[in-house]
Amino acid sequence: MAIALILLSAVGLYISLYFSMVYYGFIGAESRFMPGFCAMEEGSCRHVIHHPDARVFGIPNSLLGVGYYLMALSVSDGLDFPIALLFLKFASWAAVLLAVYLVYSLFVRVKTRCPLCLLSHGINLVIAIIVTFWY
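Residues numbered from 1 in each chain as written. Predicted model: local features only at pLDDT ≥ 70, side-chain atom pairs only at ≥ 80, totals over all residues. Heavy atoms only, no water.

This paragraph deals with the nonpolar core. Ranked by internal contacts, the top residues of the largest apolar core, which has 16 residues, are Leu-5, Tyr-68, Tyr-69, Leu-88, Ile-127 and Val-131. Taken together, the elements giving at least two residues each to this core come down to helix H1 (2-23), helix H3 (61-76), helix H4 (82-109) and helix H5 (115-133). Of the residues forming this core, the biggest block, 6 residues, is contributed by H3. In contact with Ile-127, other than residues within four places in its own chain, are Leu-5, Leu-8, Ser-9, Tyr-68, Tyr-69 and Ser-92. (Core = buried A, V, L, I, M, F, W, Y, C linked by side-chain atoms within 4.5 Å. Buried < 20%, exposed > 50% of the residue type's maximum accessible area, 1.4 Å probe, protein only. Helix = DSSP H or I, 4+ residues; strand = E, 2+ residues; numbered from the N terminus. Contact = heavy atoms within 4.5 Å.)

Take a look at the structure:
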């Protein structure tokens, strides 16, 4: 399960970094850092990052994701601090609960589709399950 956690966290981190760099204008949405089939389309993911629901307490969700996935990677790498694992479990389920609202927001409030957003939410659910039942 450690390998699955590492792979999922790495993919989530990559997506979060991509969103964050686009959000802050470090790279364009069509950057070569993301494969063409995943790049932010004009009416979908690109629109989502500037919506008010894309921030929690003023912090972009993608930036929170960077921290979350780095934490998951540190736990998966054998960091044996029970408090870190407990915090990751809490953060994982908080991310899943937030995802329920964010998916609702995507389809009802923003009225758009964002495959990368949905992929990230799915990754978060699987990470929460892994850290709850295998760690």
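What follows continues from the structure just given.
The next point concerns the state of the cysteines. The tally for this structure, following the rule as stated, stands at 1 disulfide. At a sulfur-sulfur separation of 2.4 Å, the disulfide partner of Cys-114 is Cys-117. Negative torsions about the S-S bond denote left-handed disulfides, and the value of about 70° found for Cys-114 with Cys-117 makes this one right-handed. As far as the burial class goes, Cys-114 and Cys-117 line up, both buried. (Disulfide = S-S within 2.5 Å.)

At a closest axis distance of 9 Å, the pairing of H4 and H5 adopts a crossing angle of 150°. With respect to their mutual orientation, H4 and H5 come out roughly antiparallel. Seen along the crossing, H4 lies across H5 with a hand that is left-handed. Across from Leu-85, Leu-88, Lys-89, Ser-92, Trp-93, Ala-95, Val-96, Ala-99, Leu-102, Val-103, Leu-106 and Phe-107 in H4, the residues of H5 making contact are Cys-117, Leu-118, His-121, Asn-124, Leu-125, Ile-127, Ala-128, Ile-129, Val-131 and Thr-132. (Axes fitted to C-alpha atoms, helices over the stretch in contact; angles between N-to-C directions. Parallel < 35°, antiparallel > 145°, perpendicular 65-115°, else oblique. Left-handed = near helix turned anticlockwise from the far one by under 90°.)

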